[in-house]
Amino acid sequence: MSLLDETTYDRIRFDQWLAGEADGRGLSRRHLLQLGAAALAGAAALPAPAAAAAGPIVKPLPPELFYLHGTNAETRWEAMADQGYLTPADRFFVRNHTSTPTIDADSWRLELFGSGLHKQSVTFTYRQLRRLPSTTYDAVVECAGNGRGFYTTQQGQTVSGTPWKLGAVGVARWRGVRLSTVLHHAGLRHDAIDILPEGLDDQWTTGGVNLGHVRRALPVVKGLHDVLLAYEMNGEPLPPDHGFPVRVVVPGWIGISAIKWLGRIEVSATPLFSPWNTQFYRLFGPGYPAEGEPINRQVVKSAFEIGWAATLSTGHQVLRGRSWSANGPIRTVEVSTDGGATWQPATKVGPGPAGGWQRWAVPWNPVTPGEYILRARATDVHGVTQPDQAAYNTLGYLFDAVVAHPVTVVAVS
Ligand SMILES: Nc1nc2c(c(=O)[nH]1)N[C@H]1C(S)=C(S)[C@@H](COP(=O)(O)O)O[C@H]1N2
Ligand SMILES: [Mo]
């Protein structure tokens, strides 16, 4: 059992939290158990965000690149056609609990504090962070609710939360300083076990309860392993919507771990927890205990780089898409254009490293105009294949089923 594994970690901390050993900051067990019953009401009952003058998202959101969902913007998959391996920042999805804050890098400070440090508190300026040795890697950021809309539209089930199609995912090249470097500079005690990064965006209120700043705990072992405090995305300073001046990147873990607009990190010698561990990002519903199951790592998914219900032409063409898995690289992708009766293997395009995605292509030659359903089904290196049905949970996380993608084929005139 390794705390590097999100499920193991969550299970252990949750038990500690129930036993009163983990600091849940004001969350009561009674409150949590109500959630089992009320999970459906949870995210759906979000009050409209206080309208910031500039709107919740700063960057342009042209309708050909994004679907809008309240404070969030979803990448349209047709906007990934003809793009390279990385998702360009101008079309990367945005998931904001409230609004993108405006932060001045010169006056910004990162504060580390808590019982896991030798000193009471240590602060870093933006300049100081940028002077520390840097690391660059490519990593997926994917919302745990990506694909949620298909629980309803494809499986006829009621879920709460943003009804994303498959566009709440992106891969970027992140550059920054390793959290391990920052922790060592700050003076990490050997008995430190948990860290809790917290955002500088507004506190979040849901169901009439102010849950405070967006934050989610992770174990020090994961923090020392591969977590990055990123200040660049695809070779440019982080855009405001993606966490300027500094965000957390947690490879393999669900999107909520990647705290944007990082302001404070609690480092603790005792277990830490937040509502983003106990109340959200858990699996609730029939078949799950009242207190929910810890969420697993992200699941295997595939998407065509084609618009939803797009119009295509008869004749020779190439269908392109991407598949990804948090378990490791993608081994195979199969595509069906005939309602799942037959499947043909797709050809891999370019690299498909662990922690990223695999681009693929398959030729198609529809002769007859009409309505078609495209399906793509990936299998990862561990042999995990996308199922026909995703396992239902009320908050609609981890949709992994093969998606039935409708297109209309018209005759070329
Ligand atoms: N401070 C802060 N960090 C945050 C969030 C947020 O609302 N506030 N949203 C989280 C969620 S749920 C996801 S999926 C990712 C999305 O990252 P992106 O907006 O850069 O795509 O950021 C995470 N980090
Ligand atoms: Mo998310």
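For the structure itself, consult the block above.
Residues numbered from 1 in each chain as written. Chains lettered and ligands numbered in written order. Predicted model: local features only at pLDDT ≥ 70, side-chain atom pairs only at ≥ 80, totals over all residues. Heavy atoms only, no water.

1. A few points about the packing of aromatic side chains
A full pass over the atoms with the stated rule returns 17 aromatic pairs. Aromatic pair Trp-108 and Tyr-126: ring centres 6.4 Å apart, planes at 90 degrees, arrangement edge-to-face. With Trp-108 in the loop between strand S2 (72–75) and strand S3 (109–113) and Tyr-126 in helix H3 (residues 126–131), this pair connects stretches of sequence that are 18 residues apart. An aromatic cluster is defined as three or more aromatic residues linked by ring pairs; in this entry it consists of Phe-150, Tyr-151, Trp-308, Tyr-392 and Phe-399. Lying over the aromatic face of Tyr-67, Lys-165 brings its terminal NZ or CZ to 4.5 Å of the ring centre. Its guanidinium or amino end placed over the ring of Trp-343, Arg-377 lies 3.9 Å from that ring's centre, counting from NZ or CZ. (Phe/Tyr/Trp six-rings, centres within 6.5 Å; stacked < 30°, edge-to-face > 60°. Helix = DSSP H or I, 4+ residues; strand = E, 2+ residues; numbered from the N terminus. Lys NZ or Arg CZ within 6 Å of the ring centre and 35° of its normal.)

2. What to know about unusual backbone geometry
In this structure, the amide linkage connecting Phe-244 to the following residue, Pro-245, adopts the cis form with an omega of 10 degrees. Assignment of secondary structure puts Pro-245 in the loop between strand S12 (236–237) and strand S13 (247–249). Its identity is not glycine, yet Asp-82 carries a phi of approximately 65 degrees, on the positive side. On the secondary structure map, Asp-82 appears in the loop between S2 and S3. Classification of Asp-82 by relative accessible area gives exposed; the value is 76%. In this structure, Tyr-281 takes a positive phi of about 60 degrees despite not being glycine. Relative to the helices and strands, Tyr-281 resides in the loop between helix H7 (275–278) and strand S15 (282–283). (Buried < 20%, exposed > 50% of the residue type's maximum accessible area, 1.4 Å probe, protein only.)

3. Considering the pattern of salt bridges
Working definition: two side chains of opposite charge can pair if their charged atoms are close together. Counted by the stated rule, this structure contains 13 salt bridges. Ionic pairing is found between Glu-78 and Arg-76, a salt bridge with its closest N-O pair at 2.9 Å. Under the relative-accessibility criterion, Glu-78 is labelled partly exposed at 26%. Assessed through its relative accessible area of 19%, Arg-76 is described here as buried. Linking Asp-90 and Arg-91 is a salt bridge whose minimum nitrogen-to-oxygen distance equals 3.0 Å. (Salt bridge = Lys/Arg side-chain N within 4 Å of Asp/Glu carboxyl O.)

4. Concerning the site of ligand 1
Lining the immediate surroundings of ligand 1 are 20 residues, of which Phe-93, His-97, Asp-201, Arg-247 and Lys-260 lie closest. At 2.9 Å from a nitrogen atom of ligand 1 is found a main-chain nitrogen or oxygen belonging to Ala-258. Considering ligand 1 on its own, with 530 Å² of exposed area, one finds that the protein chains cover 100% of that surface. When the residues that make up the shell around ligand 1 are grouped by side-chain class, the tally is 11 nonpolar, five polar and four charged. (Near = heavy atom within 4 Å. Polar contact = N/O pair within 3.5 Å; in protein donor to acceptor, adjacent residues only side chain to side chain. Areas by Shrake-Rupley, 256 points an atom, 1.4 Å probe, with all protein chains shown as cover. Nonpolar A, V, L, I, M, F, W, Y, C, P; charged D, E, K, R; others polar.)

5. Quick notes on the nonpolar core
Ranked by size, the top nonpolar core spans 69 residues in total, and within it Leu-110, Leu-112, Trp-174 and Leu-229 carry the most contacts. The element best represented in this core is strand S11 (residues 228–233), accounting for five residues. With residues up to four places along the chain from it excluded, the contact list for Leu-110 reads Val-122, Thr-123, Phe-124, Leu-129, Val-182, Leu-229, Leu-262, Gly-263, Arg-264 and Ile-265. (Core = buried A, V, L, I, M, F, W, Y, C linked by side-chain atoms within 4.5 Å. Contact = heavy atoms within 4.5 Å.)

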